[in-house]
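# Examination of the molecular architecture
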Amino acid sequence: MSETPGDTTAFHDLSAFLAIPRVNGLALSPDGKRLVAAVAALDAEGTGYVSGLWDIDPEAIREPRRLTRSRKGESAPAFGPDGTLYFLSGRQDSDPKAPKDTDETPAIWALPESGEAALTARHPGGIAGFTLARDIPALAYTGGLLPGAADAEAHAKLRADRADAKVTAILYESGLTRHWDSDLGPDEPHTFVRRGHDGQGSPVDVGGQGFVSEAETALSPDGTRVAHTRFVHGPVPDRNRTVVVVADATTGEELRVVESDDHVYSTPLFTADGAGLICTRQVLETYERPYRYTLVHVDLAGGEQSELLPDFDNWPIGAVVSPRAQDATLWFAADELGHSPVFRRDADGTVTRLTASGTYTSLCVAPDGRTLYALRSSVASPPTPVRLDAAAPDQEPVALKAPGAVGRLPGTLTEVHTVGGDRFPLRSWLVLPDGASAERPAPLLVFPHGGPETSWNAWTWRWNPWPFAARGYAVLLPDPALSAGYGQRMHERGWGQWGGRPYDDLMRMTDATEARPDIDATRTGLAGASYGGYMANRVATSTNRFKAIVSHASIWDLRTFEPDTDVPDYFRRIFGHPLTRPERYDENSPSLAADRIRTPMLVVHGGKDYRVPVGQGRALFQELQRHEVPVKFLYFPDEGHWILAPNHARLWYATLLNFLDHHVLGKEWERPAMV
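In this section: the side chain of Arg-22. Position of Arg-22 among the secondary structure elements: in strand β1 (residues 22–28). Buried and without a salt bridge, Arg-22 has Glu-639 as its closest oppositely charged side chain, separated by 11 Å. Side chain to side chain, Arg-22 and Tyr-49 meet in a polar contact 2.8 Å long. Aside from chain neighbours lying at most four places away, what touches Arg-22 is Ala-38, Val-39, Ala-40, Tyr-49 and Trp-461.

And the structure:
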């Protein structure tokens, strides 16, 4: 989108903002000459997003070129060793001679550099994700099997029988029942491997992944071994964890399990020579100890593990290895001080930060190991493809031409610094609207983030500050205790006290911001979701300094929340059992101080939210009415933890803005259309 003249930007018009294309992932061809991005855009009805694949010029000369455009869309691009492009889609075969298929669930398709895409692999009920071997034609994918189904054919028959009988019931015998916004089961995700990319031959089932799966699968470069994550039920639910299973890709025989009672393993990645495996290892959190992430190398011959980043104080994300067989270099990103830079780890253990600013995802390494490609974003810019030198420290990347430009922003971005009560240094991003000055101080909105072990360091489409800046608000994006990117001490100082040290940090960062001459401290509001919604509730019960508070997908009553969330084991480890160890529930639950709330509140919740079930929002709404607090409840029956449908997102932004305008700015309340 080109720059708009005058004081109008894409962020002044919610429809224009939500219509901006979104770049989601990158894939680099084996010869390093082709870079493909998945780009989501509004569908014809404006009620959903459809992803298509675009060819991006690695040299930043040619304009981007769209490669696919089916009604069902295409995602998850990946290249085979011969340069063929593979992707997931629920499209139908374009060959008029091909039999018509009523199954529109995601399948794997192959697109040669010239010619039409052809169906490569389909699984009844759909394929959740796939990966390709580097050196030979072999692919591994994730698909479900119903109880009693020995293979895909039997699974398909059982699916048909259930559909004919109109049976949707699920029988659980152990473990969790839900994950984020979806019910688990009745089918269990399995990993399947098939040699050859021509769609012929039966896939080999190499084992189940357990009922919580993120489709994390890797193939060795020569395609002989496959690694995938598996969810393991502990002896008690509090000990649930994930392990990494390595199996023979041709027989399905289990060769090794990477596991530990005190660790969670994920994101397996074979080394370039295929002799080792790199995994993310997480220390399992306890009541006394926060979790911690690092990278480990697993020797596949003997099983020995070695930590790769023993002195690195932040958490590595999205590691990739050099494609050169004798090169042990790896690259990864990690949250750091409001950014998520790219880091390089050399074979001798030396770690070098390669980027000075921004947040990087979807790393791709050129075949010679000298160039990286990635998606770069920041609070002020959406994800866009960039090119990096694979070795130069603290560099600025070369931006590549791609869809999704947002044009001029309706303000500027700066930082606010202060210290906590324990003198720990604190920082926040501050969005200032155009025209904010000592003569025209801006009203302030404070947005505590979710997680809580995350950071305001990247572009977000859901809680984007710029539509609020377009309305004239300054927006503070604080990183209090428990935030990522500030070392392990940041987690330790807030561990087990969600409403303690993090709340104090939040207030201190708000104080520092309100002390600025370009901020109007008499007109402030606060809004947050998930943990940020919990913090909104905590703020509402602790202070009356804000004119209005928005609480989205928020925890209200920790005691009723713990057994109802989709991850009760995680919260039980942090807070203890509410009957035998109630201290943290009593200290941190906002519901116990409902009678203190005086601030007008907007409560927002999705009916399909399993992480923070909707009963939390309903209870908050009822309690606020009982205490005669001005309150509104915006409910989305078909949305989950996030409000994703663009028509709903537009309504979400409009409702929040109108509510805040009414209470913070004193404007007349304007009820959004269609609610």
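In spatial order, the strands read β31-β32-β34-β33-β35-β36-β37-β38; together these eight strands make up an open sheet with mixed pairing. In the strand order of this sheet, the two ends are held by β31 (411–419) and β38 (631–636), each with one partner. Across the sheet, the mean angle separating the axes of adjacent strands is 20° when strand polarity is ignored. Sheet topology note: the β31/strand β32 (residues 425–433) ladder contains nine bridges and is antiparallel. Bridging across to β32, Thr-412 finds its partner in Leu-432. In the packing of helix α10 (residues 615–626) onto the sheet, the strands contacted are β36 (548–552), β37 (601–606) and β38, and the crossing angle to β38 comes to about 160°.

Turning our eyes to something else, we now look at the nonpolar core. Membership of the largest hydrophobic core comes to 46 residues, with the highest contact counts inside it found for Trp-498, Leu-526, Val-539, Ile-549 and Leu-624. A total of six residues in this core trace back to one element, the largest contributor, which is helix α6 (residues 531–540). Residues Phe-11, Leu-14, Trp-463 and Leu-660 belong to the second largest nonpolar core, which totals 43 residues.

What follows concerns the sheet that holds strand β13 (residues 188–195). Across the sheet, four strands lie side by side as β9-β10-β13-β14; this open sheet has antiparallel pairing. Across the chains shown, the open sheet's two edge strands, defined by having one partner strand only, are β9 (129–132) and β14 (204–208). Ignoring strand direction, the axes of neighbouring strands in this sheet form an average angle of 25°. As defined by bridge partners, strand β10 (residues 138–145) adjoins β13 across eight bridges and the pair is classed as antiparallel. Within β13, the residue paired with Tyr-141 across the bridge is Phe-192.

The subject of this paragraph is the environment of Pro-582. For Pro-582, the location among the structural elements is in the loop between α8 (568–575) and α9 (583–588). Separated by 52 residues in sequence, Pro-582 and Leu-634 place their C-alpha atoms 32 Å apart. Those residues in contact with Pro-582 that sit more than four places away from it in its chain are Arg-559 and His-577.

A few words on the pattern of salt bridges. With the rule as written, the count across this model stands at 39 salt bridges. Asp-161 is the salt-bridge partner of Lys-157, the closest N and O atoms lying 3.1 Å from each other. Linking Lys-157 with Asp-161, this pair stays in helix α2 (residues 152–164), spanning four residues, or about one helical turn. Lys-157 gets classed as exposed once you look at its relative accessible area, which sits at 54%. For Asp-161, a relative accessible area of 35% puts it in the partly exposed group. A salt bridge links Arg-573 to Asp-569; its shortest N-O distance comes to 3.8 Å. Of this pair, Arg-573 and Asp-569 both sit in helix α8, four residues apart, which is roughly one turn of that helix. Using a relative accessible area of 7% as the deciding quantity, one classes Asp-569 as buried. Connected through shared salt-bridge partners, Arg-34, Asp-55, Asp-57 and Arg-62 make up one network.

Of the residues in the chain, 97% have a pLDDT of 70 or more, and the chain-wide mean is 95. This model gives residues 1–5 a pLDDT under 50, and the stretch forms 11 contacts once residues within four places in sequence are excluded.

Right, let's get into α2. In this model α2 runs 18 Å from its N-terminal to its C-terminal C-alpha over 13 residues, within 8% of the 18 Å that 1.5 Å per residue would give. The N-terminus of α2 is capped by Asp-151, whose side-chain oxygen sits 3.3 Å from the backbone nitrogen of Glu-153. Just downstream of α2 lies Lys-166, where phi reads positive at about 55°.

With that out of the way, let us pick up the packing of aromatic side chains. A full pass over the atoms with the stated rule returns 30 aromatic pairs. Centre to centre, the rings of Tyr-291 and Tyr-293 are 5.6 Å apart; their planes meet at 80°, and the pair counts as edge-to-face. The exposure class assigned to Tyr-291 is buried, which follows from its relative accessible area of 8%. Across from the ring centre of Tyr-635, 4.6 Å away, lies the NZ or CZ of Arg-618, which sits over that ring.

Here Arg-122 lies in the loop between β8 (118–121) and β9. The spacing of Arg-122 and Gly-234 is 112 residues in sequence and 33 Å in space, taken between C-alpha atoms.

For α6, the tally of buried residues reaches 10 of 10 residues, placing the bulk of the element in the interior. Among the residues of α6, Tyr-531, Gly-532, Gly-533, Tyr-534, Met-535, Ala-536, Asn-537, Arg-538, Val-539 and Ala-540 are the ones counted as buried. Against the buried residues of α6 lie α5 (501–514), β35 (519–529), β36, α9, β37 and α10.

Attention now moves to unusual backbone geometry. In this model, Gly-185 is joined to Pro-186 through a cis peptide bond whose omega is 5°. Positionally, Pro-186 belongs in the loop between β12 (182–183) and β13. Pro-452 follows Gly-451 through a cis peptide bond whose omega is 5°. Along the chain, Pro-452 falls in the loop between β33 (442–446) and α3 (466–470). The backbone of Ala-553 shows a phi angle near 50°, a positive value even though the residue is not glycine. Considering the arrangement of structural elements, one finds Ala-553 in the loop between β36 and α7 (558–561). Its relative accessible area of 1% is what places Ala-553 among the buried residues.

The sheet contact formed by strand β7 (residues 107–111) and β8 spans three bridges and is antiparallel. Following the sheet pairing, Ala-110 is matched in β8 by Ala-118. Turn length for the β7-β8 hairpin, with the two strands adjacent in sequence and antiparallel, is six residues, and the turn residue Gly-115 shows positive phi of about 125°.

This paragraph deals with the packing of α5 against α6. Remark: α5 packs on α6, axes separated minimally by 11 Å, with the N-to-C direction vectors making an angle of 80°. Overall, the two elements α5 and α6 adopt an arrangement that is roughly perpendicular. Residues Pro-502, Tyr-503, Leu-506 and Met-507 of α5 form the contact with α6, whose participating residues are Tyr-531, Met-535, Arg-538 and Val-539. Partitioned by chemical class, the residues of the contact of α5 with α6 number seven nonpolar, no polar and one charged.

Cut-offs used in this document
Residues numbered from 1 in each chain as written. Predicted model: local features only at pLDDT ≥ 70, side-chain atom pairs only at ≥ 80, totals over all residues. Heavy atoms only, no water. Helix = DSSP H or I, 4+ residues; strand = E, 2+ residues; numbered from the N terminus. Buried < 20%, exposed > 50% of the residue type's maximum accessible area, 1.4 Å probe, protein only. Lys, Arg positive; Asp, Glu negative; His and termini not counted. Salt bridge = Lys/Arg side-chain N within 4 Å of Asp/Glu carboxyl O. Polar contact = N/O pair within 3.5 Å; in protein donor to acceptor, adjacent residues only side chain to side chain. Contact = heavy atoms within 4.5 Å. Pairing = 2+ DSSP bridges. Axes fitted to C-alpha atoms, helices over the stretch in contact; angles between N-to-C directions. Core = buried A, V, L, I, M, F, W, Y, C linked by side-chain atoms within 4.5 Å. pLDDT = per-residue confidence, 0-100. Expected span 1.5 Å × (residues − 1). Phe/Tyr/Trp six-rings, centres within 6.5 Å; stacked < 30°, edge-to-face > 60°. Lys NZ or Arg CZ within 6 Å of the ring centre and 35° of its normal. Parallel < 35°, antiparallel > 145°, perpendicular 65-115°, else oblique. Nonpolar A, V, L, I, M, F, W, Y, C, P; charged D, E, K, R; others polar.

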